[in-house]
Amino acid sequence: MEAVVIEDDRPRRAQEGDLAAFNELVIEYQALVCNVCFRMLGQQQAAEDAAQEAFVSAWRNIGSFRGGSFRAWLLRIASNLCLDELRRRGRRPATSLDTALEAGLPDPPDDDSLPEESALNAELRASLEAALAQLPEEQRTAIVLCDVEGLDYAEIAVAMRTSLGTVKSRIARARLRMREVMLGQPELLPARFRQGG
Amino acid sequence: MAWFRRSAHPEEDLSAYVDGELGERARRALETHLASCEACSTLLRELQDAKSLLSELPRLAPRRSFTLGPEFAAARQPAPRKRMSLTFAPVVALTVLVALLFVDAVDFSGGGSSDSGSFSTAASRQAEPGAGGLALESGKAPEAAPNASAGTAGGTAADSAAPAQDGESGAPSAGALTAPSPEEPAENAAPLTIRPAGDDESATSAEPPEAESGASQAQGPEGTSGGLSTLRILEIAATIALAASLLAVFLPRFTERRER
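The text that follows walks through the structure, step by step, so that each part is easy to find. (Residues numbered from 1 in each chain as written. Chains lettered and ligands numbered in written order. Predicted model: local features only at pLDDT ≥ 70, side-chain atom pairs only at ≥ 80, totals over all residues. Heavy atoms only, no water.)

### Some words on the overall build of chain B
- Looking only at helices and strands, chain B features 11 helices and zero strands.
- Counting the 260 residues in chain B, one finds 45% classified as buried.
- Considering only intrachain contacts with a sequence separation of at least 6, the fraction spanning at least 24 residues in chain B is 78%.
- When the accessible surface of chain B is split by element, carbon and sulfur atoms take 60% of a total near 12,900 Å². (Helix = DSSP H or I, 4+ residues; strand = E, 2+ residues; numbered from the N terminus. Buried < 20%, exposed > 50% of the residue type's maximum accessible area, 1.4 Å probe, protein only. Contact = heavy atoms within 4.5 Å. Areas by Shrake-Rupley, 256 points an atom, 1.4 Å probe, with all protein chains shown as cover.)

Structure below.
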């Protein structure tokens, strides 16, 4: 998934003090940041609080952005805030699907906050959400950034402050786990996924 | 399964291939292998399905706007300007260093200490900051001086020429060296990074050093010999400043690049 390369001067203008330019970036990326925070924290309200804090922090520290993918830099700030929050709460070990279900699936988003109809039926969606929630947090973040939000590996490496090799490995492990869940419940899958060999 | 044996992480490669993130050579090797391996082809399809399902998970639409209000207009850390002057620092430090080395070279080529001593004493009487290493050419100094003070903020001291003032060259530590009496003004300006004002000050303040100049005349000839002369110290300081400023400028960039 190649990003379209258009020279975006809004980060530079923001660095020079142009709050309006920064707010354009906020509008462009607020859905992205909210969703990533939601995946990390599991609750919409907490996610929105973290997102707001992330944008304020990004504005205050705009001088430290040194070019490259702005959204990756922004997500790094957001994910660090979420990690702090998770530490404050204490991690919940999700060693099995049952435990994850007991701990609580992510709050279902408000119905009016879902922008489009999902092609997935509710049961399948619940199953995927549960499997995601069960993943170790770094694998979950990596796979969400890749498959749900469409970042490339280089951007994910910036957002998660780690190496390309680690990103590749976390995504692979998360994907294999999701595959196992899928294979364990083939009846849930839409017809197009059922294999004839 | 020959390809599996070659690749250390076959499943990771398949996953990266799904994302279009596999390098050229690995990708071709994988595609060749897939053409003849049922098991890997099946696994690949399943991984693609997993990715496809996840991409269809509904996303939140934010319930409000997160734009910052006008009260934030003043809340930024001031950044760009600082960075610019930081980039200047290596250039300035390099100029200072070069000038000091020039002084050094001219010094030694100028002959023995006593010779330089007498010259520099004469020069020091004229006390003017000037281009480095002109200690022996006091005649030329007057022309050089204005240029020098205008230029190199670093102030390589040197010399003099000035309208015959009895004051000596501006700096307090006139005594340290002979030929280096030109350095004295340099010492004032050396902490540098851009203090042309400093040069002007030492240029005009011919008076204070008067007392020291007496001392310097006495000590002149012995200046260059002996351990760590002022010139050496300044050279070392300029080298350290150059290295430090280069580090400060380039290290953050390297760090960023690696993260990307």
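On we go.
### What about the overall build of chain A?
- Broken down by element type, chain A carries nine helices and zero strands.
- Counting from the amino terminus, helix and strand elements in chain A follow one another as α-α-α-α-α-α-α-α-α.
- Within chain A, the proportion of its 197 residues that are buried is 52%.

### Things to note about helix H3 (residues 44–60) of chain A
All names here are of chain A.
- In this model H3 runs 24 Å from its N-terminal to its C-terminal C-alpha over 17 residues, within 8% of the 24 Å that 1.5 Å per residue would give.
- Buried within H3 are the following residues: Gln44, Ala46, Ala47, Glu48, Ala50, Ala51, Ala54, Phe55, Val56, Ala58 and Trp59.
- Contacts made by the buried residues of H3 are with helix H1 (10–15), helix H2 (19–41) and helix H4 (70–89). (Expected span 1.5 Å × (residues − 1).)

### Let's talk about the interface of chain B and chain A
- On the side of chain A, 74 residues touch chain B, which itself brings 48 residues to the contact.
- For the chain B and chain A pair, buried surface summed over both sides reaches about 5,600 Å², with 58% attributable to carbon and sulfur atoms.
- At the surface where chain B touches chain A, the tally comes to six salt bridges.
- Run the count over chain B and chain A and you get 16 residue pairs in polar contact (both at pLDDT 80 or more).
- When contributions to the side of chain B that touches chain A are tallied by element, the ones reaching two or more residues are helix H2 (10–18), helix H4 (38–55), helix H5 (80–109) and helix H11 (230–259) of chain B.
- Broken down by element, the side of chain B that touches chain A gets its largest block of residues, 12 residues, from H4(B).
- Counted by class, the side of chain B that touches chain A contains 22 nonpolar, seven polar and 19 charged residues. (Buried area = accessible area lost by both parts, 1.4 Å probe. Salt bridge = Lys/Arg side-chain N within 4 Å of Asp/Glu carboxyl O. Polar contact = N/O pair within 3.5 Å; in protein donor to acceptor, adjacent residues only side chain to side chain. Nonpolar A, V, L, I, M, F, W, Y, C, P; charged D, E, K, R; others polar.)

### Focus: helix H3 (residues 24–34) of chain B
Residue and element names in this part refer to chain B.
- The set of residues buried in H3 consists of Leu30, His33 and Leu34. When H3 is viewed along its axis, its buried side chains cluster within an angular range of 95° and face the same direction. In H3, the exposed residues that point more than 90 degrees away from the buried face are Arg25 and Thr32. (Arc of directions from axis to C-beta.)

### Observations regarding the pattern of salt bridges
Residues and elements named next belong to chain A.
- With the rule as written, the count across this model stands at 26 salt bridges over all chains.
- A salt bridge links Arg39 to Glu129, with the nearest nitrogen and oxygen atoms 2.4 Å apart. You can see Arg39 sitting in helix H2 and its partner Glu129 sitting in helix H6 (residues 122–134), a full 90 residues away along the chain.
- For Arg39, a relative accessible area of 10% translates into the label buried.
- Of the charged contacts in the structure, one is a salt bridge between Arg88 and Glu85, with a shortest N-O distance of 2.9 Å. A residue pair is termed a helical-turn pair when its members lie 3 or 4 positions apart in one helix, as Arg88 and Glu85 do in helix H4 at three residues.
- On the basis of relative accessible area, Arg88 is assigned to the exposed category, the value being 60%.
- Overall, the relative accessible area of 23% leaves Glu85 in the partly exposed class.

### Notes on the side chain of B:Glu12
- In this fold, B:Glu12 is placed in helix H2.
- For the buried residue B:Glu12, which engages in no salt bridge, the nearest side chain bearing the opposite charge is A:Lys168, 4.8 Å off.
- Those residues within four positions of B:Glu12 in sequence are excluded, and the remaining contacts are A:Lys168, A:Ser169 and A:Ala172. (Lys, Arg positive; Asp, Glu negative; His and termini not counted.)

### Describing the nonpolar core
- Ranked by internal contacts, the top residues of the largest apolar core, which has 82 residues, are A:Phe22, A:Val33 and A:Phe70.
- Listed in part, the 10 residues of the second largest apolar core include B:Val92, B:Val96, B:Val103 and B:Leu234. (Core = buried A, V, L, I, M, F, W, Y, C linked by side-chain atoms within 4.5 Å.)

### Description of unusual backbone geometry
- The phi dihedral of A:Arg161 is positive, around 50°, even though this residue is not glycine.
- The topology assignment puts A:Arg161 in the loop between helix H8 (153–159) and helix H9 (164–184).

### Focus on the packing of aromatic side chains
All names here are of chain A.
- Counted by the stated rule, this structure contains six aromatic pairs over all chains.
- Between the aromatic rings of Phe65 and Phe70, the centroid separation amounts to 5.2 Å while the plane-to-plane angle is 85°, which identifies the pairing as edge-to-face. Each member of the pair, Phe65 together with Phe70, is buried.
- Taken together, the ring pairs in this structure connect Tyr29, Phe65, Phe70 and Trp73 into an aromatic cluster. (Phe/Tyr/Trp six-rings, centres within 6.5 Å; stacked < 30°, edge-to-face > 60°.)

### What to know about the environment of B:Leu43
- Along the polypeptide, B:Leu43 turns up in helix H4.
- Overall, B:Leu43 belongs to the buried group, its relative accessible area being 12%.
- Between the C-alpha atom of B:Leu43 and that of B:Ser15, which follows or precedes it by 28 residues, the distance is 9.5 Å.
- Beyond its immediate sequence surroundings of up to four residues, B:Leu43 is in contact with A:Leu176, A:Arg179, B:Glu11 and B:Leu14.

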